[in-house]
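# Notes for the structure review
Here are the chains, one letter per residue:
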Amino acid sequence: MRGLGLLILCSLTVHSADPAASGVPVGKRPGPYSFLVATGAERGQQTCYICEQADKPTALVFTRLLTKPVGELLVQLDQESVARKGTGFKAWMTLLTNKADLDHLAKWSQENGLKNLPVGAFEDEDGPPSYKISKDVDVTVLLFVKEKVVANYSLKMDELTKPKMQEIRKSISKLFR
């Protein structure tokens, strides 16, 4: 009976994740993961940008929803990648979904005016296991450099406001210190 009680306690602990703790914690290393890319030269291929980026400055967005605010955030990150060309900075978005629809994702990307920022899908709504993305969070933005997360924004969709987007964009400067 004690084993069953411990199992239930552990189960409750795992499922009651704090939204602020979604994703890789600050100071930790983001693990590699592959996702299906919907735009650009890698379209239709499983790709691991984490592997390519290594110690380079990076902005990674996980989202469960394709909304106007997500599109606006990605446009800002796209602009940052253009402004920081030559620095190794890269940003991309990974949609967490059970089934990837690359045509729909590519069309959404185009409708939102994304030019350089790749978008793709990870075919599991929970996301890559090592990332521990909370189910209570709609958008997780991880900024990392030198294989360490320097900022983690875990947001519900109504928290993805213009001021929050500006805060995220300003935080990118932390990647170049």
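Note that the coordinates shown come from a computational prediction; the quantities given were computed from them, not determined experimentally. (Residues numbered from 1 in each chain as written. Predicted model: local features only at pLDDT ≥ 70, side-chain atom pairs only at ≥ 80, totals over all residues. Heavy atoms only, no water.)

## Section: the side chain of Ser-81
- Looking at where Ser-81 falls in the secondary structure, it is placed in helix H3 (residues 68-83).
- In this view, Ser-81 contacts Phe-89 and Asn-116; residues no more than four positions away in its chain are not counted. (Helix = DSSP H or I, 4+ residues; strand = E, 2+ residues; numbered from the N terminus. Contact = heavy atoms within 4.5 Å.)

## Things to note about the pattern of salt bridges
- The tally for this structure, following the rule as stated, stands at eight salt bridges.
- Residues Lys-107 and Glu-111 are paired through a salt bridge, measuring 4.0 Å at the closest nitrogen-oxygen approach. A residue pair is termed a helical-turn pair when its members lie 3 or 4 positions apart in one helix, as Lys-107 and Glu-111 do in helix H4 (residues 102-111) at four residues.
- Taking the shortest distance from any N to any O, the salt bridge between Asp-126 and Lys-135 comes out at 3.0 Å.
- Taking relative accessible area as the criterion, Lys-135 reaches 61% and is therefore assigned exposed.
- Connected via shared salt-bridge partners are Glu-80, Arg-84 and Arg-169. (Salt bridge = Lys/Arg side-chain N within 4 Å of Asp/Glu carboxyl O. Buried < 20%, exposed > 50% of the residue type's maximum accessible area, 1.4 Å probe, protein only.)

## What about the environment of Ala-151?
- When you line up the elements, Ala-151 lands in strand E7 (residues 148-155).
- If we ignore the near neighbours within four places in the chain, the residues touching Ala-151 are Val-26, Val-141, Leu-142 and Leu-143.

Keep in mind that these numbers describe shape and distance, not what the molecule does.
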